[in-house]
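Spelled out from the first residue to the last, the chains are:
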Amino acid sequence: MREAGAPRGRGRSPSGTRALSLPQVILLTYVLSALELTCLFMHFSVLPYLSRRLGLDSVAFGYQQTLFGVLQLLGGPLFGRFADQRGARAAFTLSFLASSGLYLLLAAACSPALPGVTLLFASRLPGALMHTLPAAQMVLADLSTPEERPTALGRLGLCFGVGVIFGSLLGGTLSSSCGIQCPVIVALVVSLLGAVLSFTCIPTNTKVASDHAQPVPPGRTKASVFDLKAISRLLLQPGVLPVFLVKVISGFPSGLFTVMFSIISMDFFQLEAAQASYLMSFFGVLQMVIQGLVIGRLSSHFSEGALLRASVLVFSVVGLAMALMTHVFHFCLLLPGLVFSLCTLNVVTDSLLTKAVSASDTGTMLGLCASVQPLMRTLGPTLGGLLYRSFGVPAFGHVQFAVNFLLLLVLWRQPIPRKTDKAP
């Protein structure tokens, strides 16, 4: 099967210059996503150690994590709208330039001669515009047919797995052998390279390149990027809000567990740092396999509604088993089911939501979807901390089972339609 929705020929950009063929654009999109995610996890791997070296305690570290989550939460929908109006090239370039700004400030924070704590908190600010993954999802949604879209979006799981594995390993190896500043500088150089590749190789507007793209609905004026009414309007279109609520509600309990996992791995599982990194690598490998290979095959045999109900069902079963686990080995047995549910939920809901809106609004819709994870990172530390301190690890399993079981009953009575038509 050829790449999702991509014709074999070459096109021309609006300026008349020779453009890459659409299969090459899709391949470059995957490469850019993998580069960005690798840099992001390199940055995550050294951030706690840099914070400790600068004298910050766990509370201050939590503040900067919350700041980063809030900025991404607010910036996601605005970035998506910017991508819809300015095109894929501008979106990718802006995201990589924002990443470069973050890593530049972070590298400066490593210098003893500069105010490290101030620069560390300032480095969170460009995070509002770091949304390479939603930009990649927009390109794949534009260049794929509705039938091929789950497979095209699912392959981004391979990029995420590459980012988790190589980013974590490179971050730890480079910081140990060359100093804590080295991974940040490498991430800065790679991000600048990504900005150059985006500006020179990505088409200005993939909606024009798509052979099935729909024009902007007649009579609709071109609103500002900051028009919140135009953003919230998407949630009120038929078939959008129920799927969006399923995405948020079903994944929220596991999101709380994920946010608290570093604490749980140390206190409950009694893991050393190296052992925790191996477990994260196992998670990355599972995500690569399930999202990159399994979901695409399943989507060719089952409807998206059936896959969505399956993810909620598996969430419930895993939650019940999580309430009974006592050892890290038990968690390793549960991890494939947890990763399957997370990947299926994200891929299927993103696919359904982009089908439910017009082609001119796919970037904004994906920006809204991208805000779900920052929402969990913003609320998760507080809610997850209270849950863990008051009831322990089994509480996460009980909450996950109860929420998803009730949600499954609702979905069974009101199933998601097999095919969602584009909004008029």
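Before reading further, recall that the structure is shown in the block above.
Residues numbered from 1 in each chain as written. Predicted model: local features only at pLDDT ≥ 70, side-chain atom pairs only at ≥ 80, totals over all residues. Heavy atoms only, no water.

A.B. asks: Any chance you could explain the overall build of the protein chain here in plain terms?
C.D. replies: Each helix and strand counted, the protein chain has 18 helices and two strands in total. Buried residues in the protein chain amount to 54% of all 424 residues. For the protein chain, long-range pairs separated by at least 24 residues make up 83% of all intrachain contacts whose partners lie at least 6 apart in sequence. Total accessible area on the protein chain stands at roughly 18600 Å², and carbon and sulfur atoms take up 70% of it. (Helix = DSSP H or I, 4+ residues; strand = E, 2+ residues; numbered from the N terminus. Buried < 20%, exposed > 50% of the residue type's maximum accessible area, 1.4 Å probe, protein only. Contact = heavy atoms within 4.5 Å. Areas by Shrake-Rupley, 256 points an atom, 1.4 Å probe, with all protein chains shown as cover.)

A.B. asks: What is the right way to look at a nonpolar patch on the surface in this model?
C.D. replies: A surface patch of nonpolar side chains, about 350 Å² in accessible area, is lined by Leu 158, Val 285, Val 289, Leu 293 and Val 294. Looking at the nonpolar patch, the element that brings in the most residues is helix H13 (residues 273-299), giving four residues. One can find Val 285 in helix H13. Since its relative accessible area comes to 39%, Val 285 is described here as partly exposed. (Patch = residues over 30% accessible without salt bridge, like charges linked within 9 Å, V, L, I, M, F, W, Y side chains within 5 Å. Salt bridge = Lys/Arg side-chain N within 4 Å of Asp/Glu carboxyl O.)

A.B. asks: Would you mind showing me how to read the nonpolar core here?
C.D. replies: Counting 83 residues, the largest nonpolar core has Phe 257, Phe 331, Met 365 and Phe 396 as its most contacted members. Looking at which element gives the most residues to this core, the answer is helix H15 (residues 328-356), with 15 residues. Setting aside its immediate chain neighbours within four residues, Phe 331 contacts Phe 257, Phe 261, Phe 269, Leu 279, Met 325 and Leu 338. Membership of the second largest hydrophobic core comes to 22 residues, among which are Ala 60, Phe 68, Tyr 103 and Ala 187. (Core = buried A, V, L, I, M, F, W, Y, C linked by side-chain atoms within 4.5 Å.)

A.B. asks: Help me out: how do you make sense of the pattern of salt bridges in this one?
C.D. replies: Side-chain pairing between opposite charges can occur once the charged atoms of the two side chains come close. Enumeration according to the criterion identifies two salt bridges in this entry. Across the pair Glu 304 and Lys 355 runs a salt bridge, and its minimum N-O distance is 3.0 Å. Remark: Lys 355 occurs in helix H15 and Glu 304 occurs in helix H14 (residues 304-322); sequence separation between them is 51 residues. On the basis of relative accessible area, Glu 304 is assigned to the buried category, the value being 6%.

A.B. asks: It is not clear to me how the side chain of Ser 51 should be interpreted in this structure. Could you clarify?
C.D. replies: Relative to the elements of secondary structure, Ser 51 occurs in helix H1 (residues 22-53). Looking at Ser 51, its side chain comes within polar contact range of the side chain of Gln 64, at 2.8 Å. Setting aside residues no more than four positions away along its own chain, Ser 51 makes contact with Leu 56, Phe 61, Gln 64 and Leu 120. (Polar contact = N/O pair within 3.5 Å; in protein donor to acceptor, adjacent residues only side chain to side chain.)

A.B. asks: Got a minute to help me understand the packing of aromatic side chains in this structure?
C.D. replies: The geometry of an aromatic ring pair is captured by the separation of the ring centres together with the interplanar angle, meaning the angle of the planes. For the coordinates displayed, the defined rule picks out nine aromatic pairs. When the ring of Phe 269 is compared with that of Phe 331, the centres are 5.6 Å apart and the planes differ by 35°; the resulting orientation is tilted. Here Phe 269 is found in the loop between helix H12 (261-267) and H13, whereas its partner Phe 331 is found in helix H15, with 62 residues between them in sequence. These aromatic residues form a ring-pair network of at least three members: Phe 257, Phe 261, Phe 268, Phe 269, Phe 331 and Phe 396. Lying across the ring of Trp 412, Arg 309 places its NZ or CZ 5.5 Å from the centre. (Phe/Tyr/Trp six-rings, centres within 6.5 Å; stacked < 30°, edge-to-face > 60°. Lys NZ or Arg CZ within 6 Å of the ring centre and 35° of its normal.)

A.B. asks: I keep staring at helix H11 (residues 241-259) and nothing clicks. Help me out?
C.D. replies: Helical geometry note: an α-helix holds 3.6 residues per turn, so side chains three or four residues apart project in the same direction. With 19 residues, H11 ought to run about 27 Å at 1.5 Å a step, and its terminal C-alpha atoms sit 25 Å apart, in line with that. Helix geometry: H11 is bent most strongly at Phe 252, by close to 45°, with proline Pro 253 lying one to four residues after it. (Expected span 1.5 Å × (residues − 1). Bend = angle between axes of the 7 residues up to and from the residue.)

A.B. asks: Looking at this structure, how should I read the packing of H11 against H14?
C.D. replies: Describing two packed helices takes the angle between their axes plus the distance from one axis to the other. For the pair H11 and H14, interaxial distance at closest approach is 11 Å and the crossing angle is 25°. Considering their axes alone, H11 and H14 lie roughly parallel with respect to each other. Where H11 crosses over H14, the handedness of that crossing is left-handed. Along its contact with H11, which presents Val 246, Ser 250, Ser 254 and Phe 257, the element H14 presents Leu 308, Val 312, Phe 315 and Met 322. Tallied by class, the residues present in the contact of H11 with H14 amount to six nonpolar, two polar and no charged. (Axes fitted to C-alpha atoms, helices over the stretch in contact; angles between N-to-C directions. Parallel < 35°, antiparallel > 145°, perpendicular 65-115°, else oblique. Left-handed = near helix turned anticlockwise from the far one by under 90°. Nonpolar A, V, L, I, M, F, W, Y, C, P; charged D, E, K, R; others polar.)

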